[in-house]
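Residues per chain, in single letters:
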Amino acid sequence: MLEGRLVRLRALEPGDLEACYRWMNDREVTHFLAMTYPMSYADEQGYIERVSSSDYTKGVSLAIETKDGSVHIGNISLENPHAEHRTAAFGIAIGEKDYWSNGYGTDAIVTFLSFGFQEMNLNRVSLHVFEFNERAQACYKKCGFQVEGRLRENYYAEGRYWDVIVMGILRDEFDALHSKTG
């Protein structure tokens, strides 16, 4: 398990299926994810089985829990790691809305990036975020991600096209911002 100030990150388990299924069918949650269509129970079960495998060449996905382990609040992942280039793509979803905007996402991101840079020996982590998701953009910037580009009108939702913001963070940048001294 990986422990932060507010959260702990652990392997996804079959018992997480009910919460994940509920989140992936909550339009308020999926509005911020690249998910347009409802998710079947079988598809969500297959997803959890796939990301819970020990084939870490495809990435690592973990459950986000409150520090005391009492509430599973979301999931976090580093996907498609590239061994030669030491890169991976980042994703997070806080499905329990009572935990939005309370620092849980920030703590989960910093905890997971520390693992990614220190234990997985990554050098760069990138992500895509919708232009309308200002709360996530602010969180990512707080964690050290920088805007690297913009995919213009790359996502269609709510009757219009939206830009997708490309963000990234390098290991040196993360270490400079989050190194523990003293």
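Residues numbered from 1 in each chain as written. Predicted model: local features only at pLDDT ≥ 70, side-chain atom pairs only at ≥ 80, totals over all residues. Heavy atoms only, no water.

Enquirer: Provide a residue-level description of the packing of aromatic side chains, including the pertinent values.
Expert: Applying the stated criterion across every chain, the model contains 13 aromatic pairs. Aromatic pair F90 and F145: ring centres 6.0 Å apart, planes at 45 degrees, arrangement tilted. In this pair, F90 is assigned in strand β5 (residues 87–94) and F145 in the loop between α5 (134–143) and β7 (146–157), connecting sequence segments 55 residues apart. Taken individually, F90 and F145 each receive the classification buried, so the pair is uniform in this respect. Ring centres of F117 and F174 lie 5.3 Å apart, and the angle between their planes is 40 degrees; this geometry places the pair in the tilted category. In this pair, F117 is assigned in helix α4 (residues 104–118) and F174 in helix α6 (residues 171–178), connecting sequence segments 57 residues apart. Judged on exposure class, the residue F117 and its partner F174 are both buried. Through a chain of ring-to-ring contacts, three or more aromatic side chains come together here, namely F32, W100, F130, F132, Y155 and W162. The residue whose ring lies beneath R135 is F32, and the NZ or CZ to ring-centre distance is 5.3 Å. Seen from the ring of W162, R160 lies directly overhead, with NZ or CZ sitting 3.5 Å from the centre. (Phe/Tyr/Trp six-rings, centres within 6.5 Å; stacked < 30°, edge-to-face > 60°. Helix = DSSP H or I, 4+ residues; strand = E, 2+ residues; numbered from the N terminus. Buried < 20%, exposed > 50% of the residue type's maximum accessible area, 1.4 Å probe, protein only. Lys NZ or Arg CZ within 6 Å of the ring centre and 35° of its normal.)

Enquirer: I'd love a proper account of the environment of G149, names of residues and values included.
Expert: Mapped onto the secondary structure, G149 falls in strand β7. G149 sits 30 residues away from E119 along the chain, and the two C-alpha atoms are 28 Å apart. What G149 contacts, discounting residues up to four positions off in sequence, is V164, I165 and V166. (Contact = heavy atoms within 4.5 Å.)

Enquirer: Please set out the pairing of strand β4 (residues 72–82) residue by residue, giving values where relevant.
Expert: As a general feature of sheets, a regular strand has side chains that alternate between the two faces. Where strand β3 (residues 59–66) lies against β4, seven bridges are found, and the strand directions are antiparallel. Paired with G59 across the two strands is E79, which belongs to β4. The turn linking β3 back onto β4 is made up of five residues, and G69 within it adopts a positive phi angle of 80 degrees. With seven bridges joining them, β4 and β5 adopt antiparallel strand pairing. Its bridge partner lying in β5, H82 is registered against T87. The hairpin formed by β4 and β5 contains four residues between the paired strands, and R86 there has a positive phi angle of roughly 60 degrees. (Pairing = 2+ DSSP bridges.)

Enquirer: Lay out the sheet that holds strand β1 (residues 2–3) in plain terms, naming residues and giving numbers.
Expert: Here eight strands make up an open sheet; going across it, the order is β1-β2-β3-β4-β5-β6-β8-β7 and the pairing mixed. Edge positions in the open sheet fall to β1 and β7, since each of these has one partner strand only. Bridge analysis of β5 against strand β6 (residues 124–130) gives three bridges, and the strand direction is parallel. Each residue of the ladder has a partner; that of A88, found in β6, is V125. Across the sheet, α6 touches β7 and β8 (160–170), and the angle it forms with β8 is around 75 degrees. (Axes fitted to C-alpha atoms, helices over the stretch in contact; angles between N-to-C directions.)

Enquirer: For the pattern of salt bridges, give the residues involved together with the corresponding values.
Expert: Side chains that carry opposite charge are capable of pairing whenever their charged atoms lie near each other. Evaluation of the coordinates by the stated rule reveals ten salt bridges. With a closest N to O distance of 2.5 Å, E65 and R10 form a salt bridge. Remark: R10 occurs in strand β2 (residues 7–11) and E65 occurs in strand β3; sequence separation between them is 55 residues. This pair shows no difference in class: E65 is buried, exactly as R10 is. As a salt-bridge pair, K97 and D26 come within 2.7 Å of each other at their nearest N and O atoms. Here K97, found in the loop between β5 and α4, pairs with D26, found in the loop between α1 (17–23) and α2 (27–30); they are 71 residues apart in sequence, far enough to count as distant. Beyond isolated ion pairs, a larger network of salt bridges with shared partners links R8, R10, D16 and E65. (Salt bridge = Lys/Arg side-chain N within 4 Å of Asp/Glu carboxyl O.)

Distances and angles like these do not, on their own, reveal function.
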